[in-house]
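If you want the building blocks of each chain, they are given just below.
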Amino acid sequence: MDEEIVNTLGELERKLHELERVLSNMDREEQPPREPERQREPEAQREPEAQREPERPRESWAQREPEAKREPERPRESWAQRESWAQRETPPHGDELAPLTATAASPGAHESRLVDEAIEREGFGARAPAARPGAPLGAGAEAQPPAAGSRAAGGSLGALGALGSVGAAPAQPTSVTELLRFRDRLERTARELTNDYNELLGRLGEPAAGAPPTGATISFARGAPSLDIIDVQGLRDAAARAFEADPGGTTAYGTSVGYPRLRAWIADRHGVEVERVLVTNGSMQADAFLFEHLVGAGEDVIVERPTYDRTLLSLRQRGARVHAIELEPDGIDTSALSRLLGDWRARPKLAHIIPNFQNPAGYTLSLAKRHALLDLAAAHSFMIFEDDPYVALRFRGESLPTMLSMDPQRVIYASSFSKTVCPGVRVGYLVGPPGVISAVAELATNTYISPSMVAQSIVYEFCASGAIERSIETVRRALDERSTALASALRRELPEAEFVPPDGGYFMWVTLPAGTDVHALHHAASELGVSFVVGTDFMLEGGENALRLAYAGVTPKQINEGVMRLAAAYRSIC
């Protein structure tokens, strides 16, 4: 439970104890002043004795909190040991609570005055400030009761408001009956506040103050756009058009080469014949089919170091001999590759290259290196697999030509709509020589007959309407802002980090000082509610002091908070 709310309930409990002391010190034989007959509560409206709750030992309000909402076990201090609100710089609920707490520790006359004033205000005309709708109740936020009009706006808020407005002179003498009645209402108020607060936390999905449950984790781990930059309405409209314009093609099995209209749109986009295009269930499936066709056990394959972890996994599962060539800020080290090939240490059938805003490094292959790589491929008779899902997401600098456009016979090109439309569509594609596409289509037929026609027809309508260009522009602007925020936060909070700000895409590669244990950092960061992917996942060996940060799925505010947590985790292991 939020610390400030716990303190509020603690103060309510303290008032109950003060009432008990006042009652016990009053003359028990003194009869309370007789109320006028018209003011007395009718006997029929009084609660029958048998219906009243039996007396039971009091437990603290923190103990009554539902088990699922409690903070992790830790030694608890008594309410009396907690710091009084009046001693804090800023009372949690505003200055109106100060009179209530300023007298909490003063016995005798002060207690009697406090109780008399509370009773005088029992009409509950005052009201505590309402919480801002949707405001997070966590560390650094004011934890306040639900707004007026909610289920708790009656007795609970009224009672708290009365407690917050004590200070006026009593209008009439205090009676034992009034004290007892007020005590009962105070107990009910505390119970209602506890239940309402827990219910509010459940609706908001917010963690308790100071704790970083899984729901509060800031994730730099996932390479996917956040919902706020996805054109949901555009996709909804595209889906409606798909079923209206082509219900038969949208709902049919189709063939393994993909939805015909989308296939033609992709061919036109790349300026190739439609026979060179195959549309798949995501680009990873295109990768898998291509590796199955071209790479056998024991055969050489060139990859970048670091490279996409799923590529490494797929190649190793096939038994390939993987040769990782160092990646530089302007792309793969073509000189090192040339030496490897010149010494005949490798005779590859395929080189896997991510040319634009590489995953995980965020680097881009320069034009000069694109030419050099194509020359090496021609000289040593291997194919280049140009894996290019981020090409459209450039937010700085000028676009470079694809290697496919530079040598369509030597290059097999793959891309995806997951990064520009949304991940959930799971639509990717291959563009390559007709012989390769035909062989992959046969593998696809034997695997699933056809990919999802529904998803592909929706993507086609989204693209053909021009919505994809608007979507790309929205994503670009967001990525630019988020990449800038990440670079600024790292420079400010973690100056030990080395990185190259990307010109597009989703990822930033961060290197920490030699000797840093990135796995220990990962564990420490998860304890503070922030996640990332360790550098060792993207390499056959090495990467112990590196990590990948994905910024597409987090807002600039989350980025700043996440980097502060990451820096704190780094300090804790150094």
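Note that this is a predicted model, so its numbers are computed, not measured.

Novice: Sorry if this is basic, but what is going on with the overall build of the protein here?
Specialist: When helices and strands are tallied, the protein shows 19 helices and 13 strands. Burial statistics for the protein: of 574 residues in total, 50% are counted as buried. A separation threshold of at least 6 residues defines the contact pool for the protein, and within that pool the share at least 24 residues apart is 76%. In the form shown here, the protein has an accessible surface area of approximately 27,100 Å², with 50% of it arising from carbon and sulfur atoms.

Novice: What is the right way to read the side chain of arginine 394 from this model?
Specialist: Considering the arrangement of structural elements, one finds arginine 394 in the loop between β7 (383–387) and α14 (403–406). Of the side chains bearing the opposite charge, aspartate 503 lies closest to the buried arginine 394, which forms no salt bridge; the N-O distance is 4.3 Å.

Novice: In this structure, what is going on with the sheet that holds strand β12 (residues 533–534)? I would like to understand it.
Specialist: Pairing in this open sheet of 3 strands is antiparallel, and the strands run β10-β13-β12 from one edge to the other. Only two strands of the sheet have a single neighbouring strand rather than two, namely β10 (507–511) and β12. Two strands pair when backbone bridges link them, and β12 and strand β13 (residues 546–550) are joined in this way by 2 bridges, in the antiparallel orientation. Residue pairing in the sheet places valine 533 in a bridge with arginine 548 of β13. Packed on one face of the sheet, helix α17 (residues 467–493) meets β10 and β13 and runs near 15° to β10.

Novice: Got a minute to help me understand the sheet that holds strand β4 (residues 321–328) in this structure?
Specialist: Strand pairing in a sheet relies on backbone hydrogen bonds. The paired strands run either parallel or antiparallel. One open sheet accounts for 8 strands, arranged β2-β9-β8-β7-β6-β3-β4-β5; its pairing is mixed. At either margin of the open sheet sits one strand with a lone partner, and together these are β2 (277–280) and β5 (331–332). Note that β2 and strand β9 (residues 428–431) share 4 bridges and pair antiparallel. Bridge pairing in β9 places threonine 280 opposite glycine 428.

Novice: Hey, could you run me through the pattern of salt bridges in this one?
Specialist: Side chains carrying opposite charge are able to pair once their charged atoms draw close together. A full pass over the atoms with the stated rule returns 17 salt bridges. A salt bridge links aspartate 503 to arginine 396; the shortest N-O distance between them is 3.2 Å. Remark: arginine 396 occurs in the loop between β7 and α14 and aspartate 503 occurs in the loop between α17 and β10; sequence separation between them is 107 residues. What makes arginine 396 partly exposed here is its relative accessible area of 32%. For glutamate 496, the salt bridge goes to arginine 571, with nearest N and O atoms at 2.8 Å. Within this pair, whereas glutamate 496 is found in the loop between α17 and β10, its partner arginine 571 is found in helix α19 (residues 556–573), the two being separated by 75 residues in sequence. Taking the relative accessible area as the measure of exposure, arginine 571 reaches 40% and is therefore partly exposed. Through salt bridges that share partners, Glu328, Asp330 and Lys369 make up one connected network.

Novice: Would you mind going over helix α16 (residues 453–464) with me for this structure?
Specialist: Between its first and last C-alpha atoms α16 spans 16 Å; for 12 residues at 1.5 Å apiece the expected length is 16 Å, and the two agree. For α16, the tally of buried residues reaches 10 of 12 residues, placing the bulk of the element in the interior. Within the span of α16, buried status applies to Met453, Ala455, Gln456, Ser457, Ile458, Val459, Tyr460, Glu461, Phe462 and Cys463. Residues of α16 that are buried sit in contact with α7 (232–245), α8 (247–251), α9 (260–270), β2 and α17. Of the residues flanking the start of α16, the one acting as N-cap is serine 452, its side-chain oxygen 3.1 Å from the backbone nitrogen of alanine 455. One or two positions beyond α16, positive phi appears at glycine 466, with a value near 90°.

Novice: Teacher, can you tell me more about the side chain of serine 418 here?
Specialist: Within the secondary structure layout, serine 418 lies in the loop between β8 (411–416) and β9. By relative accessible area, which is 5% here, serine 418 ends up buried. A distance of 3.0 Å separates polar atoms of two side chains, one belonging to serine 418 and the other to arginine 426. Residues in contact with serine 418, not counting those within four places in the same chain, are Pro225, Pro423, Arg426 and Val427.

Novice: Could you clarify how one ought to interpret the packing of aromatic side chains in this entry?
Specialist: In the structure shown here, the tally under the stated rule is 9 aromatic pairs. On the numbers, 5.8 Å between centres and 55° between planes, the contact of tyrosine 390 with tyrosine 506 is tilted. In this pair, tyrosine 390 is assigned in the loop between β7 and α14 and tyrosine 506 in the loop between α17 and β10, connecting sequence segments 116 residues apart.

Novice: Quick question: what am I supposed to make of the packing of α9 against α16 here?
Specialist: Working note: a packed helix pair is described by the angle between its axes plus the distance between those axes. Look at α9 against α16: their axes get within 8 Å of each other, and the N-to-C directions meet at 45°. Here α16 runs oblique to α9, going by the angle between their axes. With respect to the hand of their crossing, α9 and α16 are arranged in left-handed fashion. For the pair α9 and α16, the contacting residues are Arg261, Leu262 and Trp265 in the first and Gln456, Val459, Tyr460, Glu461, Cys463 and Ala464 in the second.

Novice: Is there a simple way to think about the nonpolar core in this case?
Specialist: Nonpolar side chains in soluble globular proteins tend to be buried together. Core analysis: the largest hydrophobic core is formed by 50 residues, its most contacted members being Leu262, Ile266, Ile384 and Phe417. Here the element with the most residues in this core is α16; it accounts for 7 residues. What leucine 262 contacts, discounting residues up to four positions off in sequence, is Val279, Phe417, Val427, Gln456, Val459 and Tyr460.

Novice: Is there a simple way to explain the confidence of the model for the protein in this structure?
Specialist: Predicted coordinates in areas of low pLDDT are best not read in detail. Confidence along the protein averages 77 in pLDDT terms, with 63% of residues attaining 70 or more. This model gives residues 33–112 a pLDDT under 50, and the stretch forms 91 contacts once residues within four places in sequence are excluded.

Novice: What exactly am I supposed to notice about the pairing of β7 here?
Specialist: Moving residue by residue along a regular strand, the side chains alternate between the two faces of the sheet. Most of β7 sits inside the fold, with 5 of its 5 residues counted as buried. Residues Met383, Phe385 and Asp387 line one face of β7 and the alternating positions Ile384 and Glu386 line the opposite face, and both faces are buried. Pairing analysis gives 4 bridges linking strand β6 (residues 350–353) to β7, with the strands arranged parallel. Note that in β7 the partner of isoleucine 353 across the bridge is glutamate 386.

Novice: I keep staring at helix α13 (residues 367–380) and nothing clicks. Help me out?
Specialist: Structural remark: α-helix, 3.6 residues per turn; residues separated by three or four positions point the same way. For α13, spanning 14 residues, the distance from its first C-alpha to its last is 20 Å, which sits close to the expected 20 Å at 1.5 Å a residue. Three or more residues of α13 are buried, namely Lys369, Arg370, Leu373, Leu374, Leu376 and Ala377. Mapping the buried residues of α13 onto a view down its axis gives an arc of 160°, with all of them on the same face. The exposed set on the far side of α13, more than 90 degrees from its buried face, consists of Ala368, Asp375 and Ala379. Backbone geometry just after α13 places serine 381 at a positive phi near 55°.

Conventions we followed
Residues numbered from 1 in each chain as written. Predicted model: local features only at pLDDT ≥ 70, side-chain atom pairs only at ≥ 80, totals over all residues. Heavy atoms only, no water. Helix = DSSP H or I, 4+ residues; strand = E, 2+ residues; numbered from the N terminus. Buried < 20%, exposed > 50% of the residue type's maximum accessible area, 1.4 Å probe, protein only. Contact = heavy atoms within 4.5 Å. Areas by Shrake-Rupley, 256 points an atom, 1.4 Å probe, with all protein chains shown as cover. Lys, Arg positive; Asp, Glu negative; His and termini not counted. Salt bridge = Lys/Arg side-chain N within 4 Å of Asp/Glu carboxyl O. Pairing = 2+ DSSP bridges. Axes fitted to C-alpha atoms, helices over the stretch in contact; angles between N-to-C directions. Expected span 1.5 Å × (residues − 1). Polar contact = N/O pair within 3.5 Å; in protein donor to acceptor, adjacent residues only side chain to side chain. Phe/Tyr/Trp six-rings, centres within 6.5 Å; stacked < 30°, edge-to-face > 60°. Parallel < 35°, antiparallel > 145°, perpendicular 65-115°, else oblique. Left-handed = near helix turned anticlockwise from the far one by under 90°. Core = buried A, V, L, I, M, F, W, Y, C linked by side-chain atoms within 4.5 Å. pLDDT = per-residue confidence, 0-100. Arc of directions from axis to C-beta.

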